[in-house]
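Remarks on the overall topology
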Amino acid sequence: MTLKPDFDALPQIALAIGAATGLLGAFSLALPSPARRLWKAFPRSVWPGRVLAAICLVWSALWICVMPLGPLMIVRDLLWLLLPLAIAAVWIFIPELLACRAAGGLLVLVPAPMLSAAAWHPSVWRYAVILYAYAMIVAGMYYIALPWLLRDHIDWAHRSPGRAKAVAAAATALGILLVVLAFTAY
């Protein structure tokens, strides 16, 4: 898999993103009580935050490896030595709501291949993926800068069972739409 896939990878990307979105929503619909406990515990979860943060840092390092850095090429040479130090520093010095920040990081990183694949795809339905990608980017930037917003959004979504069901149903429907588009339009 490449960091910048061509338009012919859009079906696989839409399928993966749709399946992930749909499964998260379906889990919350099928098992509302365990899902509520899991979602409410997520913002302060230590190990999920650490794992997600490590994934984000490795993914960012891969992007740095393919960037033209000009006079800063020395950074690329030292990158794989600095990466474990960066991961340890994040784990030690940013423990507060790290899971929220790391989830925001993923929401900023995941759309890059989505947008790359959708950019020149001939189907007009590519705009569904593009719109979802930009929504993810905006949400991710907010969750990185203001991690308590994710916690507050989770609290808002689970304030009542009806609202939690509506949010989960919307996520499931979006996931199903992307999966259907992966098989039909892309």
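Residues numbered from 1 in each chain as written. Predicted model: local features only at pLDDT ≥ 70, side-chain atom pairs only at ≥ 80, totals over all residues. Heavy atoms only, no water.

1. Points about the layout of surface pockets
Our working definition: In the cavity and pocket records, a cavity denotes points on a 1 Å grid over the protein atoms alone where a 1.4 Å probe fits but cannot get out, a pocket denotes an open set with protein on both sides within 12 Å along at least 5 of 7 lines, and lining residues are residues with an atom within 4 Å of a point. Grid points are joined across faces, edges and corners, and a volume is the space filled by probe spheres set on the points. A run of DSSP states H or I qualifies as a helix once it reaches four residues; a run of E qualifies as a strand once it reaches two. Both are numbered from the N-terminal end. Here the term charged refers only to Asp, Glu, Lys and Arg, the term nonpolar to Ala, Val, Leu, Ile, Met, Phe, Trp, Tyr, Cys and Pro, and the term polar to all other amino acids, Gly among them.
Considered as a void within the structure, the largest pocket measures approximately 1,300 Å³ in volume. Lining the largest pocket are 32 residues, with Leu24, Trp39, Leu107, Tyr132 and Ala171 positioned closest to its centre. Mapped onto the lining of the largest pocket, the elements with two or more residues apiece are helix H1 (10-30), helix H2 (32-41), helix H5 (98-109), helix H7 (126-145), helix H8 (148-157) and helix H9 (161-184). The element that contributes the greatest number of residues to the lining of the largest pocket is H1, accounting for seven residues. Class assignment of the residues belonging to the lining of the largest pocket gives a composition of 27 nonpolar, five polar and no charged.

2. Quick look at the packing of H1 against H9
To keep it simple, the criterion reads: To define axes, lines are fitted to C-alpha atoms, for helices over the stretch in contact only, and angles between the resulting N-to-C directions are given on a 0 to 180 degree scale. For classification purposes, an angle smaller than 35 degrees is called roughly parallel, one larger than 145 roughly antiparallel, one from 65 to 115 roughly perpendicular, and anything else oblique. Take the far helix as the reference: if the near one is turned anticlockwise from it by less than a right angle, the crossing is left-handed, and if turned clockwise, right-handed. The contact rule is simple, with two residues in contact once any of their heavy atoms fall within 4.5 Å.
Direction vectors running N to C along H1 and H9 enclose 155°, while the axes themselves pass 7 Å from each other. One element, H1, and the other, H9, form an angle in the roughly antiparallel class. Read as a crossing pair, H1 and H9 show a hand that is left-handed. Residue-level contacts link Pro11, Ala14, Leu15, Ile17, Gly18, Ala19, Thr21, Gly22, Gly25, Ala26, Ser28 and Leu29 of H1 to Lys165, Ala168, Ala169, Ala171, Thr172, Leu174, Gly175, Leu178, Val179, Ala182 and Phe183 of H9. The residue makeup of the contact of H1 with H9, split by class, is 15 nonpolar, seven polar and one charged.

3. Concerning H9
Basically, it comes down to this: For a helix, the expected span equals 1.5 Å multiplied by the residue count minus one. For every residue, the accessible area (1.4 Å probe, protein chains only) is compared with the maximum for its type, and the residue is labelled buried under 20%, exposed over 50%, or partly exposed between those bounds.
Spanning 24 residues, H9 covers 34 Å between terminal C-alpha atoms, matching the ideal 34 Å at 1.5 Å per step. Of all the positions in H9, only Ala164, Ala168, Thr172, Gly175, Leu178, Leu181 and Ala182 are classed as buried. Where the residues of H9 are buried, they touch H1, H7 and H8.

4. Description of the packing of aromatic side chains
Under the convention used in this document: Stacked, tilted and edge-to-face pairs are distinguished by plane angle, under 30 degrees for stacked and over 60 for edge-to-face with tilted covering the rest, among Phe, Tyr and Trp rings (Trp via its six-membered ring) whose centres lie within 6.5 Å. We call a charge positioned above a ring when the Lys NZ or Arg CZ atom is no farther than 6 Å from the ring centre and deviates by at most 35 degrees from the ring normal.
Per the stated rule, a full pass over the model turns up one aromatic pair. Centroid distance Trp47 to Trp91: 5.6 Å. Interplanar angle 80°. Geometry classified as edge-to-face. Placement of the pair is Trp47 in helix H3 (residues 46-66) and Trp91 in helix H4 (residues 73-93), with a sequence separation of 44 residues. Residue classification places Trp91 among the partly exposed positions, given a relative accessible area of 27%. Looking at Arg50, its charged tip hangs above the ring of Trp47, at a distance of 4.8 Å from the centre.

So far we have only geometry, and geometry alone does not tell us how the molecule works.
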